[in-house]
Amino acid sequence: MNAFYEHHKSSIQFGYRCFDRILMNGLIQPFQQPERVLGFFNTYRDGKRVTRNALTEIADQFHHWVTNRSEKWGAPIVEAPQEQRRDDFVLPYLQKTEADHVAVILKAREPARILVAIGGKQNQCPHLELKQRWVNQYNFYLNDQHWGPMFVRMCPYFPFSARVCLNQHHWLALRMQQQGITFRQCKNAFLQCSNPERLQQLADSLTAQDLLRCGQKWLAAFTPFFSSQERRQAACQHRLFFSQVELCDNLIFFRRAAVDQFAERLLDMNRTIGQPKKITLIFGRKVTRQYKGKLQTELEDLDLPNPVIRSHYAHGFAKQYVRDDRLLRTEPATNDVTDYGVKKNVENLPLLRQRMSEIIDHYHDAQQDILETFIDRGQLQKLAEPTTFTNGKRIPGLKLDHPRQLAVMHALVRYANIAAGSTFTTADLYPPVLDALGLPQSQYSLASLRYDLSKLRAKRLVDKLPHSRRYRLVNQGYSICVLFLKLFERIYAPLTAGLLKPFAGDRNLAPDKRCQLDRLYQRLTDDLDALLSAVGLKTAA
């Protein structure tokens, strides 16, 4: 249990954690080697030559099979929509489809890895290679008996690469119905549940075999090219590998006001604390690589319904947002599970669940540090004092207003470091520190960064991992960095600016147009003005 939940549990009705979207790639492993394709045709297909025409014929057979099955199942083949989300488009079809039946087949041109025959003229054997090509593929949307709504994408070209998409929320809904647990589901979330403890037990009971049974059942049904004998003897069945995985932590609060109160604080605090390059707050629109505007946090409209805190790391990200009024969702997602030290085969589901759960817990712990930071008496004074080692080496202390030190602290509290196991190298730290300082490499070298980092190591806020070039920010170190950033960014800097260099237009802004933090700042500034005037002090011109 993390510090965030402990602090807010009196406001939380219940919470649960489960996988959301699980996207798996399916491939027939022996046929990833062209020479084994030739062996298969020699052994099981009477030595048939694998030519370009033969491969085209296999694809045509699949197209004809899909057309025939579509008529038999009563599942129309429809072009995939361009504007509308596919899940929304197929929903009317799925709602009137029985269990273990295909509802609709979406046809779309998408990339796939297919076998290509090169050459082979004048009775010569062609050269076989696996190439990435854009081809028409079929997305079978269906209602599975155990998983509910799902889809399987099949490539009609040999060796029939595939993709399976499952959602544990649908799986849990069916399990709870079987056990008589009442609940209210809103898309991919449970907003009410009569037995939350059992809900979490069911979520944790998901195994790799549950994924494999469902995936291989439908992949076998959608690859009619192979006979039962070939599947048994030549291992002509798909293996499943994680492609994209999302694990969501859902906290359902008693009242919407409780969510709004701390969500606004979290968003506001993240404007300055932990904000370097890799963290983006998205307010109503998506920021992509093609976006040419400023990549900085801006609160343009505080009334937007679902602002998102998104923290990128490697091939994935962690995001947090409020949905359905009372639900706070924290959701790490990745397109490459090896970033978390987990191999891609589905059998590694337990380890993947553990690693992604740790990310959620670290994420919440970090946010609680941002929301509530405590100061021990005399601690700031000790941090400001220089550190002298037994060998006589003296390292300066930490200063509250030192720009380089604050930039290093900004980079240290990035949520991206949490996804990396709370470890980092100086090379990882260097770009965000430069970005926070706004300096080129010529004015702030990597050696300077190592020197600034040594100050934190001297105070035992940062540890160096043994036999490694990686560092780790200890728990106390995270809290101290957040404390320094809060004191400077939230107290010292804004109040000083409000006194010495205020914006004239700020005073003319109506109070109801200001956020709560700005109103508090203005109240403090007005009271300080009155205090300075009373004691006869004026700001120098």
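Look a little higher up for the structure.
Reference entry: report on the structure contained in this document.

### A look at the sheet that holds strand β17 (residues 462-464)
Strand pairing in a sheet is mediated by backbone hydrogen bonds. Such pairs are either parallel or antiparallel. Ordered by their spatial adjacency, three strands build an open sheet running β16-β18-β17, and the pairing between neighbours is antiparallel. Two strands lie at the open edges of the sheet, namely β16 (423-424) and β17, each paired on one side alone. Here β16 pairs with strand β18 (residues 471-473) via two bridges, running antiparallel. Directly across from F424, in β18, lies its bridge partner Y471.

### Considering the nonpolar core
Formed by 76 residues in total, the largest nonpolar core has its most connected members in F140, F158 and F242. Beyond its immediate chain neighbours, meaning those up to four positions away, F140 contacts W65, V66, W73, V102, V104, I105, M150, F151, V152, M154 and F222. Among the nonpolar cores identified, the runner-up in size contains 31 residues, and A407, L434, L437 and L483 belong to it.

### Structural notes on unusual backbone geometry
F158 connects to P159 through a cis peptide bond whose omega is 10 degrees. Tracing the backbone shows P159 in the loop between β5 (148-154) and β6 (162-167). Backbone geometry at H467 places phi at a positive 55 degrees, although glycine is not the residue there. You can see H467 is positioned in the loop between β17 and β18.

### Overview of helix α3 (residues 52-73)
With 22 residues, α3 extends 32 Å between its outermost C-alpha atoms, agreeing within 8% with the 32 Å of an ideal straight helix rising 1.5 Å per residue. All of the buried residues along α3 are A54, L55, I58, A59, F62, H63, W65, V66 and S70. The positive-phi residue at the C-terminal boundary of α3 is G74, with phi of around 75 degrees.

### Quick look at the layout of surface pockets
Space inside the largest pocket adds up to approximately 1,600 Å³. Around the largest pocket, the lining is made up of 41 residues, and of these R85, D87, N167, H170 and N188 lie nearest the centre. Per-element tally for the lining of the largest pocket: the top contributor is helix α4 (residues 86-95), with seven residues. Broken down by class, the residue content of the lining of the largest pocket amounts to 15 nonpolar, 10 polar and 16 charged.

Here is what the cut-offs are and how they apply
- Residues numbered from 1 in each chain as written.
- Predicted model: local features only at pLDDT ≥ 70, side-chain atom pairs only at ≥ 80, totals over all residues.
- Heavy atoms only, no water.
- Pairing = 2+ DSSP bridges.
- Helix = DSSP H or I, 4+ residues; strand = E, 2+ residues; numbered from the N terminus.
- Core = buried A, V, L, I, M, F, W, Y, C linked by side-chain atoms within 4.5 Å.
- Buried < 20%, exposed > 50% of the residue type's maximum accessible area, 1.4 Å probe, protein only.
- Contact = heavy atoms within 4.5 Å.
- Expected span 1.5 Å × (residues − 1).
- 1 Å grid on protein atoms, 1.4 Å probe; cavity = no way out; pocket = protein on both sides within 12 Å on 5 of 7 lines; lining within 4 Å.
- Points joined across faces, edges and corners; volume = space filled by probe spheres on them.
- Nonpolar A, V, L, I, M, F, W, Y, C, P; charged D, E, K, R; others polar.

Shape descriptors only; they carry no functional weight alone.
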